Amino acid sequence: MGRRHVLSLVVAFSVLLAFSGAALAADVIKIGSVGPLTGDIATFGQSVHNAVKMAFDEVNAAGGVLGKQIEFIHEDNKGDAAETTNIVRKLIVRDRVSALVGAVVSANSLAAGPIAQQFRVPMVTPTSTADKVTAAGDYVFSTCFIDSFQGEIMGRFAYTDLGYRRVATLVNMASDYSIGLADVFTETFKNLGGEIVESESYSAGDQDFRAQLTKIKAADPEAIYLPAYYTDVALIARQARQLGIDAVFIGPDGFDSPKLVEIGGEAVYGSYFTNHYSTDDQSPKVQKFVQEYKSRFGQVPDALAALGYDAAMVVVDAIRRAGSDDRTAIRDALAATKDIEVVTGVLSMDANRNPIKSAVVLKVTADGQEYVATVNP
């Protein structure tokens, strides 16, 4: 066989491979995701990842969307903002995803949002509650309520429902999430007539909170508003009880993890926190989700799992309504989302691409969580 003939065969084979690859690519819609599967807040990312995968698997098993299967590409950012930016660029430029689900925590979404906006790729964060996440631009969306909403809810609940008049705050000054929540809670509580008797702060990575807690103890509050993630909450609560502080801890959705009671034990019993849904909700949609998640992953789905599932389904709904996997078409459909029924309620996008939806207040018990109240926007 001559060299020219061999070369012709090689070229023909290469062209065939290229066409085959294009055909395969045409049969899938790539959706990227970024969140922590390892690191200090791994349970957050694991819950979201599990639920998003479950949602896409359900869609694919039912025939996919627009006649195509969803290819789910998830990357572990370890909860790190710098790692998040690298992953998002990779998902957009190399993997050429049509949309992004994530990031999981506000600090990571604040890093990811501007990149998604720059490349005009729709990004839907399931769980980042900081108000300014969606301010990155018109390609950035959220499917969870924002901090100004949940901070106000707990401020009103503490004053009106729990009857507290004297509350202390303990804030992570390295966290936009923590600072924003504390500001709204404080303003709401004080406007209602309550008093913030002590305001203390700490930095991410701190392990010893006894100096701040000693000052809080001297102020004798009825409750301590702690806008933090479960890892900090459990450690702070244990140290507080060791110092003889019996004030009730109240906080945001960052409390929501099975690890809270596992790490904090009795120190966190009786705490109240705002959250996105309750497994006690007897609606068929909620109970179907809870049972399927338990069957697949062997544990009760926390709110982050429910929000991850919802975000995935909101993206699928937008692709279906857009009739295309074009990034701009998906963005336009997301912006027009109205009255879609999801696990965490009924969701419509507002002008700032944040959802209009309800919230719940839960109480921490030895058995996990107890439903207390639902608060509508």
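In what follows, the structure referred to is the one given above.
Residues numbered from 1 in each chain as written. Predicted model: local features only at pLDDT ≥ 70, side-chain atom pairs only at ≥ 80, totals over all residues. Heavy atoms only, no water.

*Asks:* Explain the pairing of strand β1 (residues 28-35) residue by residue, including any values.
*Replies:* Burial analysis of β1 places six of its eight residues in the buried class, which makes it a mostly covered element. Examined bridge by bridge, β1 and strand β2 (residues 69-76) share eight bridges and lie parallel to one another. By the bridge assignment for β2, Ile29 is matched with Ile70. The parallel pair β1 and β2 is bridged by helix α2 (residues 42-61), and the resulting crossover is right-handed. The sheet contact formed by β1 and strand β3 (residues 99-101) spans three bridges and is parallel. Counterpart to Ile31 in the pairing with β3 is Ala99. (Buried < 20%, exposed > 50% of the residue type's maximum accessible area, 1.4 Å probe, protein only. Helix = DSSP H or I, 4+ residues; strand = E, 2+ residues; numbered from the N terminus. Pairing = 2+ DSSP bridges. Right-handed = clockwise from strand over helix to strand, strands pointing away.)

*Asks:* Can you break down the pairing of strand β9 (residues 248-251) residue by residue, with the values?
*Replies:* Within a regular strand, the side chains alternate between the two sheet faces. For strand β8 (residues 223-225) and β9, the ladder comprises three bridges, and the chain directions are parallel. Bridged to Ile224 within β9 is Phe249. Where the polypeptide runs from β8 across helix α8 (residues 230-242) and back to β9, its parallel neighbour, the crossover connection is right-handed. Considered for its hand, the β-α-β crossover made up of β9, helix α9 (residues 258-264) and strand β10 (residues 272-275) is right-handed.

*Asks:* Kindly report on the environment of Asp131, identifying the contributing residues and their values.
*Replies:* Along the polypeptide, Asp131 turns up in the loop between β4 (123-125) and β5 (140-142). For Asp131, a relative accessible area of 36% corresponds to the partly exposed category. Sequence separation of Asp131 and Arg96 is 35 residues, and the distance between their C-alpha atoms is 28 Å. Beyond its immediate sequence surroundings of up to four residues, Asp131 is in contact with Ile146, Asp147, Ser148 and Asn354. A distance of 2.7 Å separates a polar atom in the side chain of Asp131 from a polar atom in the side chain of Ser148. (Contact = heavy atoms within 4.5 Å. Polar contact = N/O pair within 3.5 Å; in protein donor to acceptor, adjacent residues only side chain to side chain.)

*Asks:* Tell me about the packing of aromatic side chains, residues and numbers included.
*Replies:* Summed over all chains, the structure comprises 15 aromatic pairs. Ring geometry for Phe44 and Tyr229: centres 5.3 Å apart, planes at 85 degrees, overall edge-to-face. On the criterion of sequence distance, the pair formed by Phe44 in helix α2 and Tyr229 in the loop between β8 and α8 is long-range, its members being 185 residues apart. A single burial state applies to Phe44 and to Tyr229, both of which are buried. Taken together, a centroid distance of 5.1 Å and an interplanar angle of 50 degrees make the contact between Phe289 and Tyr309 tilted. Of this pair, Phe289 sits in helix α10 (residues 284-297) while Tyr309 sits in helix α11 (residues 303-322), placing them 20 residues apart in sequence. The same class applies to Phe289 and to Tyr309, which are both buried. Among the aromatic residues, those joined into a cluster by ring pairs are Tyr277, Phe289, Tyr293, Phe297 and Tyr309. Across from the ring centre of Tyr159, 3.6 Å away, lies the NZ or CZ of Arg165, which sits over that ring. Here the basic side chain of Arg331 rests over the ring of Tyr139, its NZ or CZ set 5.9 Å away from the ring centre. (Phe/Tyr/Trp six-rings, centres within 6.5 Å; stacked < 30°, edge-to-face > 60°. Lys NZ or Arg CZ within 6 Å of the ring centre and 35° of its normal.)

*Asks:* Requested: an account of the packing of α2 against α11, with residues and values cited.
*Replies:* To describe two helices that pack against each other, one gives the angle between their axes and the distance between the axes. Taken N-terminus to C-terminus, the directions of α2 and α11 make an angle of 40 degrees; their axes are 7 Å apart at the nearest point. Comparing the axis directions of α2 and α11 gives the class oblique. Taken as a pair, α2 and α11 cross one another with a handedness that is right-handed. Touching Phe44, Ser47, Val48, Ala51, Val52, Met54, Ala55, Phe56, Glu58 and Val59 of α2 are Leu304, Ala305, Gly308, Tyr309, Ala312, Met313 and Val316, all from α11. Residue composition of the contact of α2 with α11, grouped by class: 14 nonpolar, two polar and one charged. (Axes fitted to C-alpha atoms, helices over the stretch in contact; angles between N-to-C directions. Parallel < 35°, antiparallel > 145°, perpendicular 65-115°, else oblique. Left-handed = near helix turned anticlockwise from the far one by under 90°. Nonpolar A, V, L, I, M, F, W, Y, C, P; charged D, E, K, R; others polar.)

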